[in-house]
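The residues making up each chain are set out below.
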Amino acid sequence: MESYTFITGASSGIGQGTAKLLSETRNLLLHGRDLERLEETRRQCAAHGHNVQLFPYDFQEISTLRDDLTAFLTEKGIRVGEFLHFAGMTEVLPISKTKYSVGLKVMNVNYFSATEIISTLLKKRVNGDALHNIVLIGSMAPVIGIACQPHYGSSKGAIHTLTLSLARELAPAVRVNCISPGTFNTRILQTPFFSPDKDWKSISLIPCSGVEDVAKAARFLLSEDSHYITGQILFVDGGERFLGGGLP
Ligand SMILES: NC(=O)c1ccc[n+]([C@@H]2O[C@H](COP(=O)([O-])OP(=O)(O)OC[C@H]3O[C@@H](n4cnc5c(N)ncnc54)[C@H](OP(=O)(O)O)[C@@H]3O)[C@@H](O)[C@H]2O)c1
């Protein structure tokens, strides 16, 4: 069976940029919700001749995710060696206006989808012993605090903690690390709250190239060059967190 790199959130932004970079050397299993944009990522990734499979899924449907992913992998005969969890959503509201039901969606998409997928990929009957590397995506929010995104910040804090917990539990067979990006001007920021006209590139200490800065960090964490690194929260933010973050 051929080994695949599974990337969630590959229909857009950071996940799409990382898929493009990794497609040079890997078979990819790409997740997203929007099928049109996911197909566009597949088109961009196909040039290098490796296999690209699609797994469209809304992670709000969390209760069926394990069974559906198991059925998908079994039917396609796919084994996943590397898992990168980039799917994410936010809700921008003061705490007094938040709703439990929306908070639950944020936790399901950002956090519980990762635990459900990892749990599935560790099942021998589903994935053998193939899984050996996990890269999760966090945020500056758990270390500097970001106003008006209490559920988002908490979900990313949970991801940071999950990274440490799994790095201990799964060593030495699986390395587990987390990339915590600074502000990148992707679809997740496309709400009036985030001032679409703002020059987000100017808010760090080091100029940003774009989502490829995260993609290259992900490629390093998957590579042999990082074989002695696990349980790290790697801030890819050009020093933005020292300035307090660009967000409110
Ligand atoms: N951009 C930043 O400044 C920044 C900073 C720190 C951390 N991050 C994190 O980086 C990750 C990628 O974000 P991005 O900046 O690339 O934003 P993005 O362009 O909005 O991408 C978000 C991805 O998550 C997927 N997604 C959203 N809701 C989903 C749902 N209910 N079920 C399944 N998938 C869903 C989207 O799929 P569809 O588009 O197909 O719906 C898309 O592929 C997120 O976890 C985000 O929290 C971003």
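So, here is what we can say about the structure in this document. Fair warning: this is a prediction, and the values are worked out from it, not measured in the lab. (Residues numbered from 1 in each chain as written. Predicted model: local features only at pLDDT ≥ 70, side-chain atom pairs only at ≥ 80, totals over all residues. Heavy atoms only, no water.)

**Some thoughts on the overall build of the protein chain**
Assigned secondary structure in the protein chain consists of eight helices and seven strands. For the protein chain, whose C-alpha radius of gyration is 17 Å, the value lies close to the compact-globule estimate of 18 Å for 248 residues. Structurally, the protein chain occupies a C-alpha span of about 45 × 40 × 40 Å along its principal axes. Counting over 248 residues, the protein chain shows a buried share of 52%. Entry remark: accessible area of the protein chain is about 11,700 Å², with carbon and sulfur atoms responsible for 53%. For the protein chain, the centre of its 24 positive side-chain charges and the centre of its 24 negative side-chain charges are spaced 3 Å apart. (Helix = DSSP H or I, 4+ residues; strand = E, 2+ residues; numbered from the N terminus. Rg over C-alpha atoms; globule rule 2.2 N^0.38 Å. Buried < 20%, exposed > 50% of the residue type's maximum accessible area, 1.4 Å probe, protein only. Areas by Shrake-Rupley, 256 points an atom, 1.4 Å probe, with all protein chains shown as cover. Lys, Arg positive; Asp, Glu negative; His and termini not counted. Charge placed at Lys NZ, Arg CZ, Asp CG, Glu CD.)

**Section: the site of the ligand**
Residues in contact with the ligand amount to 30 residues; listed here are only the nearest, Ser-11, Ser-12, Asp-34, Tyr-152 and Thr-186. The side chain of Ser-12 places a nitrogen or oxygen atom 2.5 Å from an oxygen atom of the ligand. One of the backbone N or O atoms of Ala-87 is found 3.3 Å from an oxygen atom in the ligand. Against a free-state accessible area of 890 Å², the protein chains account for coverage of 95% of the ligand. (Near = heavy atom within 4 Å. Polar contact = N/O pair within 3.5 Å; in protein donor to acceptor, adjacent residues only side chain to side chain.)

**So, the side chain of Ser-113**
Tracing the backbone shows Ser-113 in helix H4 (residues 100-121). A relative accessible area of 0% means that Ser-113 is categorised as buried. When sequence neighbours within four positions are dropped, the list of residues in contact with Ser-113 reads Phe-59, Ile-62, Leu-65, His-85 and Asn-108. (Contact = heavy atoms within 4.5 Å.)

**Focus: helix H8 (residues 212-222)**
Among all positions of H8, only Val-214, Ala-215, Ala-217, Ala-218, Leu-221 and Leu-222 are buried. For H8, the buried positions fall inside an angular range of 160° around the axis, keeping them on one side. Looking at the buried side of H8, the elements it contacts are helix H1 (13-22), strand E4 (79-85), strand E5 (133-137), strand E6 (175-181) and strand E7 (233-236). (Arc of directions from axis to C-beta.)

**Considerations on the environment of Cys-208**
Mapping Cys-208 onto the fold places it in the loop between E6 and H8. Taking the C-alpha atoms as reference points, Cys-208 and Gly-238, separated by 30 residues in sequence, lie 6.9 Å from one another.

**Focus on the packing of aromatic side chains**
Across all of its chains, the model carries six aromatic pairs by this definition. Centre to centre, the rings of Tyr-57 and Phe-59 are 6.2 Å apart; their planes meet at 40°, and the pair counts as tilted. According to the relative accessible area criterion, Tyr-57 is buried, its value standing at 12%. In textbook terms, an aromatic cluster arises when at least three aromatic residues are bridged by ring pairs, as seen for Phe-6, Phe-55, Tyr-57, Phe-59, Phe-72 and Phe-83. (Phe/Tyr/Trp six-rings, centres within 6.5 Å; stacked < 30°, edge-to-face > 60°.)

**Describing the nonpolar core**
One finds Phe-6, Leu-73 and Ile-134 to be the most contacted residues of the largest nonpolar core, which totals 36 residues. Element by element, the count of residues in this core is highest for H4, at seven residues. Ala-19, Leu-28, Phe-86 and Phe-184 belong to the second largest nonpolar core, which has 23 residues in total. (Core = buried A, V, L, I, M, F, W, Y, C linked by side-chain atoms within 4.5 Å.)

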